[in-house]
Amino acid sequence: MRDFPTATVRTRVAVPLRFGDGYSVDAELVTFHGLADGLEHLAVVLGDPGANPLVRLHSECLTGDVFGSARCDCGPQLREAVERIADRGGVLLYLRQEGRGIGLYNKLDAYALQDQGLDTYAANAALGLPEDGRDYTAAAQMLQALGIDSLDLLSNNPDKADQLRDLGVTVSHRVPTGVFTTAHNVRYLRAKVLQTHHTLPLTELTAG
């Protein structure tokens, strides 16, 4: 188990959330002192988290979360996660890890290479960047500060569960998200299955 410094809660504030499709929910947004990477990550507490809450680690995606880009499934995953977590009780950790940790400009550079035929992972490698540069130490710190040491993880990504377990967090179950395909993201989703073993139904990820 990896050791990490303790983080503390900085601010808690009530914020009503409103989505473009009409869904609304009241949330508590939590900020922190002492996060290992020094970034401004955010916890979104929804409903009553309980003893074994539903938790999602959602990496920031400006293009998908804000602008509704059809090149990924991030925006629909965020929308789905908020409602599912609110229904059960839990926390969404909104992590400032744009482009799987490579940053916004590099992500858009990788998109340009994808337009030339590379998949998302090969494009990162061609830029001299990691396929996935995310580290979830700050996420474990946030969970600890919130008093959460056991959870069900809403994710298709086995690496998230593996890293949390290595950091001492008990992941009781990994709960898959929905499948959100568009004509523009099928190759991206297939690459996630083939390269990093995301639990998505490969047979459904066909262009058409």
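No experiment lies behind these values; they were computed from the predicted model shown.

J.: Tell me about unusual backbone geometry, residues and numbers included.
T.: Even without a glycine there, the phi angle at R100 is positive, about 55°. You can see R100 is positioned in the loop between β5 (90-95) and α3 (104-114).

J.: Provide a residue-level description of the nonpolar core, including the pertinent values.
T.: Formed by 27 residues in total, the largest nonpolar core has its most connected members in A43, L57, V91, L93, L143 and L151. For this core, the elements supplying multiple residues, two or more each, are β2 (24-33), β3 (42-46), β4 (54-59), β5, α5 (137-145), β6 (150-154) and α6 (158-166). The biggest single contributor to this core is α5, with five residues. When residues no more than four places from it in sequence are discounted, the contact partners of V91 are A43, V44, V45, L54, V55, R56, I85, L146 and I148. Membership of the second largest hydrophobic core comes to 16 residues, among which are L17, L54, L78 and V82.

J.: Any details on the sheet that holds strand β1 (residues 8-18)? Residues and values, ideally.
T.: If you trace the seven strands from one edge of the open sheet to the other, you get β1-β2-β3-β5-β4-β6-β7, paired in mixed fashion. Strands at the two margins of the open sheet, each flanked by one partner only, are β1 and β7 (170-175). Strand-to-strand twist of the sheet, defined as the mean angle between neighbouring strand axes without regard to direction, takes the value 30°. Direction of pairing for β6 relative to β7: parallel, over a ladder of five bridges.

J.: Pulling in residues and values, what's your account of helix α2 (residues 74-88)?
T.: With 15 residues, α2 extends 21 Å from end C-alpha to end C-alpha; this agrees with the ideal 21 Å at 1.5 Å per step. Buried within α2 we find C74, G75, Q77, L78, R79, E80, A81, V82, I85 and A86. Just beyond α2, the residue with positive phi is G89, at close to 100°.

Rules of the game
Residues numbered from 1 in each chain as written. Predicted model: local features only at pLDDT ≥ 70, side-chain atom pairs only at ≥ 80, totals over all residues. Heavy atoms only, no water. Helix = DSSP H or I, 4+ residues; strand = E, 2+ residues; numbered from the N terminus. Core = buried A, V, L, I, M, F, W, Y, C linked by side-chain atoms within 4.5 Å. Buried < 20%, exposed > 50% of the residue type's maximum accessible area, 1.4 Å probe, protein only. Contact = heavy atoms within 4.5 Å. Pairing = 2+ DSSP bridges. Axes fitted to C-alpha atoms, helices over the stretch in contact; angles between N-to-C directions. Expected span 1.5 Å × (residues − 1).

Treat this as a map of the structure, not an account of what it does.
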